[in-house]
Structures are given as structure tokens and as C-alpha cells.
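A structural walkthrough
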Amino acid sequence: MDRLPTATGRRTWAALGAELRQVPLLSGTALLTVLAASASGLVAPWMLGIMVDDIRAGTDTDRLVRAVVVMVLAATVGAVLTGFGAAFVARTGETVLARLRERVLDRALHLPGGTLDRVGTGDLLARVGDDVSVVTRVITDTAPVLVSALLTVVLTVAGLFALDWRLGLAGLTALPMYLLALRWYLPRSGPYYARERVVTGERSQAMIGALRGAATVRAYRLEAVHTAAIEHRSAAARDLSIGVLRMFTRFGSRLNRAECVGLTAVLVVGFLLVRADLVTVGATTAAALYFHRLFNPLGALVAEFDQVQQAGASLARLVGVADLPAAPAVTGHTVPADTSIEIDGVGHRYDGGPLILQDVTVRIEPGERVALVGASGAGKSTLAAVVAGQLQSTVGTVRFGGVALAGPDTAGAAGLAGRIVLISQDVHVFAGPLTEDLRMARAGASDEELTAALDTVGASGWVRALPEGIDSMVGEGGHQPTAAQAQQLALARLVLADPDVAILDEATAEAGSAGARELERAALAATVGRTSLIVAHRLTQARQADRIVVLDAGRIEAVGTHDELVVADGTYRRLWDSWTGATTGSVDLTGHSV
């Protein structure tokens with residue numbers, strides 16, 4: 001299965017830097033606060049070194065007391081600044097993540113339907129769910145610690161050189177061992193984390209597929225098969241995590257050796273310098289304390305490194321989606337001359353495969369209702385998606401009132417969103433009050449307008465029967481509409497949106513025979529006065545259309561009214577004869593029982 005893109009490491013860092021530059025005041029304040037907090041931590045070792053020399057020299061107690069007071073004040077200021085620094089770092093990270101998350105959501109909502117079909121929703125949900133959670137956890141819990149630790153390491157090394165350059169060089173003897181440990185660990189662990197995020201997406205896809213098709217899974221007793229698939233993907237994620245943990249343990253042992261070598265070097269060099277009377281005992285003491293002070297921040301960097309690696313892999317997946325092309329900006333558009341739809345030589349193929357549509361040419365006049373009829377796989381839904389703008393045609397052009405919607409030049413189509421509405425058989429009812437679900441089509445609609453729309457599509461009866469009527473909760477945690485009721489709500493939203501063009505893609509397919517008749521009446525009422533393209537799976541619905549377009553293997557076989565096509569000897573005549581002669585238990589054009 002195809003997957004959504006993942007950004008490279010360089011692109012991920014570039015995107016992160018660009019987002020930080022969007023909030024310069026906040027990010028600068030965070031950096032300066034953490035820097036001041038880290039600098040305050042250098043005071044205590046320095047003062048302890050001075051106290052050692054003062055005690056050896058027999059200095060009076062007043063000088064020692066002042067040194068203690070300075071250390072206490074430095075510790076207090078450091079604690080306060082550390083708290084503020086952590087808050088500023090977390091706030092900066094959350095702000096950057098929020099901006100990135102908005103871009104990811106925007107790109108995801110504008111993904112073509114065909115792309116989502118190829119990549120599956122599991123990968124997308126893993127990115128906006130699991131990956132965002134991983135990055136959020138690192139930003140709020142780990143990032144403040146890591147920024148503070150990194151600055152502490154830099155300032156402490158500077159403090160070593162400030163005491164004596166030879167002591168600084170002694171401390172740097174551990175640096176090659178640290179670098180070798182990182183060079184060994186990073187190339188091995190990075191791909192593990194990236195693969196772990198991919199496996200997590202595959203596991204999510206397997207779980208979503210099993211849950212969505214739960215009824216079918218139970219009907220065919222495939223529970224064990226789907227459970228085994230989920231277990232296989234979970235085991236793959238577990239094995240990858242264990243592999244990284246083993247590497248991390250070996251990485252930690254290499255860092256411990258580096259610490260031992262560095263501290264030994266500082267003490268040995270300090271001893272030799274004291275014997276040569278080149279530095280004081282206090283300076284050597286401070287140097288040892290400085291190097292020992294590196295253990296905690298380096299330990300923090302190491303301890304959280306696996307979290308950083310995971311966050312890096314997750315961030316790369318988020319940036320990969322955020323970098324997808326944005327929806328074209330509305331900077332002005334050509335006003336359609338009318339509400340006609342002109343389909344001119346349209347052809348379409350999926351991912352280099354065979355043509356699903358070939359040289360489809362037809363014009364739908366303003367206010368005309370046209371039905372698409374054909375066997376399963378004839379290309380009806382593909383044509384509907386092209387006309388609705390959800391798919392870009394491979395060849396040919398679709399024009400709305402003379403404005404190109406699909407084809408080589410669609411610049412004039414910007415801003416026409418909302419004037420063409422597609423309703424498919426897969427309708428989602430959002431959890432919450434029914435009024436909010438309906439107002440997605442028109443935010444300022446009054447209760448009276450909502451009720452009128454429900455009346456138009458014949459839904460007011462069952463809505464009034466709900467405990468709180470139009471204010472009742474629907475969807476998860478509330479009333480679960482039947483397939484027919486969900487379609488009625490979608491048609492009510494169509495009425496409220498009041499588009500110029502309505503496209504119904506088998507919008508009555510999920511209802512039974514009685515429900516389909518109700519939905520046919522609802523669809524007829526909702527499309528009155530609108531230019532309409534209806535993918536009809538029941539020929540009774542096609543009969544109500546002004547004209548019928550018969551598709552066969554992606555080509556137009558015939559165009560005409562119901563009466564004209566019944567008289568002609570063609571596919572439609574054979575379909576109609578089969579339909580009218582059908583008995584209970586026969587099937588319609590899409591394989592549904594009627």
C-alpha cells in the first residue's frame with residue numbers, strides 16, 4: 001500500500017527552524033531564560049574552588065560566609081529561571097506544533113479522495129494521532145530538559161577553559177569518545193525509529209479495517225485472521241522497540257567510559273599543575289566539580305535521546321504531510337455565466353493504470369437533472385468525482401458556466417467551492433447536537449431554516465420523535481441514525497448549503513427498498529431548481545431525470561430520456577427490462593438486493 005510522504009532529516013530541521021522564526025520573541029525569550037538559568041549553575045563550583053583556596057590560606061570566616069550567601073542566591077535565581085525557562089520552552093514548542101498541526105490538518109482535508117483510498121486512513125490517523133502525541137510529549141516534558149542540558153554542557157566547558165586552558169583540554173579528552181559513541185548509535189537507531197512509526201501506522205490501518213468491517217468479519221468468522229494480522233504488526237513494533245533498547249544500553253556503557261576517562265584526565269592534569277604551582281588546589285577542585293557537573297546534563301541528553309529520536313521520526317512524518325501542496329488561494333475568480341456543466345473529452349486513469357473514463361463529452365443545461373446509469377465499474381463514480389473537483393481528469397476539461405473546473409487550466413475555478421456539492425453513499429454524521437451537524441452547511445442558519453430543510457427531505461418526522469427534537473445529540477454517544485436517516489441529513493445539509501450544482505453519487509444505495517423510495521423523493525426535492533448529476537443505482541431514480549447518460553466501460557453509449565432509451569435497443573433497454581421483470585431477491589445495478 002502507498003503511504004503519505006515523509007520528510008528528510010534536513011527538510012525536517014529546515015521546517016522546524018522556519019516555524020521558530022515565526023515566533024522570534026517567544027523563542028528568543030525562552031533561549032535567554034534557559035541560558036541565564038544554566039549560567040547561574042556555574043557559580044557554586046567556582047565559589048567552592050575559591051573557598052578551598054581561602055581555607056588553605058587561613059582567610060577569615062566573613063569571606064566564607066559571603067561565598068555561601070552568593071551560592072545560595074545563585075541557586076535561588078537558578079531555580080526560578082529554570083522554572084520560567086521550562087515554561088517558555090514548552091510554550092514555544094506547543095506554539096510551533098500547533099502551527100504545524102494546522103498545516104497538516106489543512107493538507108489532509110484537501111487530499112484527493114483517490115489518494116486517501118491508496119494510502120488508507122490508518123497512516124493518516126497515525127500521523128495526526130500517535131505522531132502528534134509523541135511530539136507533544138517531547139515538547140512538554142523533554143524539550144525543556146534537553147535545552148537546559150545542552151546549554152549547561154556548553155557553558156560548563158567554557159567554565160573549564162576559564163579556570164585554565166589546560167584543565168579545559170583535559171576535560172575535552174572525553175569528547176572523542178562521546179562523538180564515537182554518537183557516531184555508532186545515531187545511524188543505527190534512526191532507521192529503527194522511522195520504521196517503528198511506519199509499523200504503528202500499519203497496525204492502526206489493520207485495526208481500523210477490522211473495526212469498520214466488524215459485521216462482515218463476524219459474518220464470515222474472520223476474527224482470528226484479523227486478530228492475527230494485528231498481532232503480527234504489534235509484534236513487529238515490539239521487536240523494533242526491543243532492538244533499539246539493546247542498542248541504547250550499549251550506547252550508555254560507551255558514554256560511561258567517556259565520563260570516567262574525562263574525569264580522570266582532569267584530576268591527573270590538575271594534580272600535575274598544582275605540583276608545578278601553575279594552578280591552585282581550588283581551581284582544580286572547581287574544574288573537577290565542573291566536569292562532574294556535566295554528568296547530569298549529559299545523562300539527561302542520553303536518557304531522553306530515544307524520545308528525541310522517536311519525536312524526530314514523528315516530526316518528519318508530520319512535515320511530510322505539511323509539505324504537500326496547499327489548496328489554491330482564492331485571489332479572485334471568473335464568474336460563471338450560468339449553472340451549466342460541460343464535460344468535454346474527459347478521460348481518467350488511476351496511477352498509470354488503464355483509462356477508467358474515455359472521451360466523455362456531454363453538456364448539462366442549467367437546472368437540468370441528468371442521471372448516470374451503467375453496470376458496476378462503468379466509471380460513474382469516477383466521472384462524478386471529476387465533475388465535483390475531487391479528481392483531476394487525466395485528459396479533457398470540465399467547465400461550470402464556462403469556468404474550467406478540471407483540465408489544463410483551472411486557475412479561474414478558485415473560489416467556486418461551495419457552488420458544487422457532492423453527496424456520496426458514505427455519509428458521516430458528526431457527534432454532537434443535530435443543529436450543529438446541520439449548521440456545518442450554513443453556520444448562521446436559524447432553527448426555522450433547519451426545520452424547513454428537514455421538512456424538504458422528509459426527515460422532520462423522525463427528528464421530532466427524538467427526546468429533544470432538533471437539539472438532540474446524534475452520532476457517537478447520541479441517536480445513531482439509520483443509513484436512510486443519515487442520507488436525509490446529508491440532503492438537508494445540501495438544501496441549507498443551496499449550491500448551484502448538486503452531484504449525488506448513489507446517495508440512496510445504502511437504504512432498503514422502502515427507504516430508497518423515501519430517499520428518492522428526498523433527493524428529488526433537494527435538487528429542485530439545481531443543475532444535478534445523479535449516479536443512479538435504481539432505475540426508478542433514473543426515470544425521474546430529465547436525461548439519462550448510459551456509461552459502458554468508461555464510454556458514453558447513449559444519451560436520452562427514459563422513453564427514448566427504452567424504445568432504443570441498447571444497454572438501458574436491457575437494464576430496464578431486467579429491472580421491471582425483477583422479483584424479490586434480484587439485484588440492482590450495484591449488486592444491492594431489492
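Below: a short report on this structure. Sequence order as written defines the numbering, with residues in each chain counted from 1. A pLDDT threshold of at least 70 governs which residues receive local features in this predicted model, and a stricter bar of 80 or more applies before side-chain atom pairs are shown or counted, although totals over entire chains, interfaces and linings include all residues. The basis for the side-chain values is all heavy atoms of the structure; hydrogens and waters are excluded.

1. Overview of the sheet that holds strand β6 (residues 420–424)
Being paired, for any two strands, means DSSP has found at least two bridges between them. Helix and strand assignments follow DSSP, with helices taken as H or I runs no shorter than four residues and strands as E runs no shorter than two, numbered in order from the N terminus. Reading across the sheet, the 6 strands line up as β6-β9-β10-β3-β11-β12 and stay open at both edges, with mixed pairing between neighbours. Since the sheet does not close on itself, it has two edges, and those belong to β6 and β12 (555–560), each with one partner. Averaged over all pairs of adjacent strands, the angle between strand axes in this sheet comes to 15 degrees, irrespective of strand direction. Across 5 bridges, the pairing between strand β11 (residues 547–552) and β12 is antiparallel. From the neighbouring strand, D552 faces β12, where its bridge partner is R555. Any two residues having at least one pair of non-hydrogen atoms within 4.5 Å are treated as being in contact. Orientation is described by lines fitted to C-alpha atoms, with helices fitted over the stretch in contact, and by angles between N-to-C directions that extend from 0 to 180 degrees. Lying on the sheet, helix α18 (residues 483–497) is in contact with β6 and β9 (501–505); it crosses β6 at an angle near 175 degrees.

2. Topic: a nonpolar patch on the surface
On the surface, a cluster of nonpolar side chains totalling about 550 Å² of accessible area is made up of F161, W165, L169, L172, L175 and L179. Listed by contribution, the elements that provide at least two residues to the nonpolar patch are α7 (165–171) and α8 (175–212). Mapping W165 onto the fold places it in helix α7. Like-charged residues are merged into a patch within 9 Å and nonpolar side chains (Val, Leu, Ile, Met, Phe, Trp, Tyr) within 5 Å, provided each residue has over 30% relative accessible area and no salt bridge. Areas reported as accessible are Shrake-Rupley estimates using a 1.4 Å probe. Residue values count occlusion only from the protein chains shown. When a carboxyl oxygen of Asp or Glu is within 4 Å of a side-chain nitrogen of Lys or Arg, the pair counts as a salt bridge.

3. Things to note about helix α16 (residues 447–456)
Classification of residues uses two cut-offs on accessible area relative to the type maximum, computed with a 1.4 Å probe and protein chains only: under 20% is buried, over 50% is exposed, and between them is partly exposed. Within α16, the full set of buried residues consists of L450, A453 and L454. Along α16, the residues classed as buried sweep out an arc of 100 degrees about the axis, all on the same side. The inward-facing, buried residues of α16 contact α15 (434–439), α17 (460–464) and α18. Just downstream of α16 lies G458, where phi reads positive at about 75 degrees. Summarising the geometry, the arc corresponds to the directions from the helix axis toward the C-beta atoms.

4. A short note on the environment of G560
Relative to the helices and strands, G560 resides in strand β12. In this structure G560 comes out as buried when scored by relative accessible area, which is 3%. In this structure the C-alpha to C-alpha distance between G560 and D546, which are 14 residues apart in sequence, comes to 8.5 Å. Dropping the residues within four chain positions of it, G560 is found in contact with R547, I548 and L565.

5. Points about the packing of helix α3 (residues 43–57) against helix α4 (residues 61–109)
Following both chains from N to C, one finds α3 and α4 inclined at 170 degrees, their axes separated by 9 Å at the closest point. By the criterion of interaxial angle, the relationship of α3 to α4 is roughly antiparallel. Contacts between α3 and α4 pair V43, A44, M47, L48, I50, M51, D54 and I55 from the former with R63, L64, A67, V68, V70, M71 and A74 from the latter. Gly is placed with the polar residues, together with every amino acid not listed as nonpolar (Ala, Val, Leu, Ile, Met, Phe, Trp, Tyr, Cys and Pro) or charged (Asp, Glu, Lys and Arg). A per-class count over the contact of α3 with α4 returns 13 nonpolar, no polar and 2 charged. For this classification, under 35 degrees means roughly parallel, over 145 means roughly antiparallel, 65 to 115 means roughly perpendicular, and everything else is oblique.

6. A few points about the pattern of salt bridges
A side chain of one charge can pair with a side chain of the opposite charge when the charged atoms of the two come close. The full count for this structure, using the stated rule, is 17 salt bridges. Ionic pairing is found between R439 and D447, a salt bridge with its closest N-O pair at 2.6 Å. Within this structure, R11, E19, R99, R103 and D323 form a network of salt bridges that share partners.

7. Topic: the packing of aromatic side chains
Each Phe, Tyr or Trp ring (for Trp, its six-membered ring) is paired with any other whose centre lies within 6.5 Å, and the angle between the two planes then decides the class: stacked below 30 degrees, edge-to-face above 60, tilted in between. In total, this model carries 0 aromatic pairs according to the counting rule given. Cation placement over rings: the criterion is NZ of Lys or CZ of Arg within 6 Å of the ring centroid and within 35° of the ring normal. A cation sits over an aromatic face here: R254 above W184, 4.4 Å from the ring centre.

8. A short note on the pairing of strand β3 (residues 369–373)
Among the 5 residues that make up β3, 5 are buried, leaving the element largely enclosed by the rest of the structure. Of the two faces of β3, the one holding R369, A371 and V373 and the one holding V370 and L372 are both buried throughout. Two elements, β3 and strand β10 (residues 531–535), share 4 bridges in a ladder whose sense is parallel. Bridging from a neighbouring strand, V370 pairs with L533 of β10. As judged from the 4 bridges shared by β3 and β11, these two strands associate in the parallel manner. Considered in β11, the bridge of L372 is made with V549.

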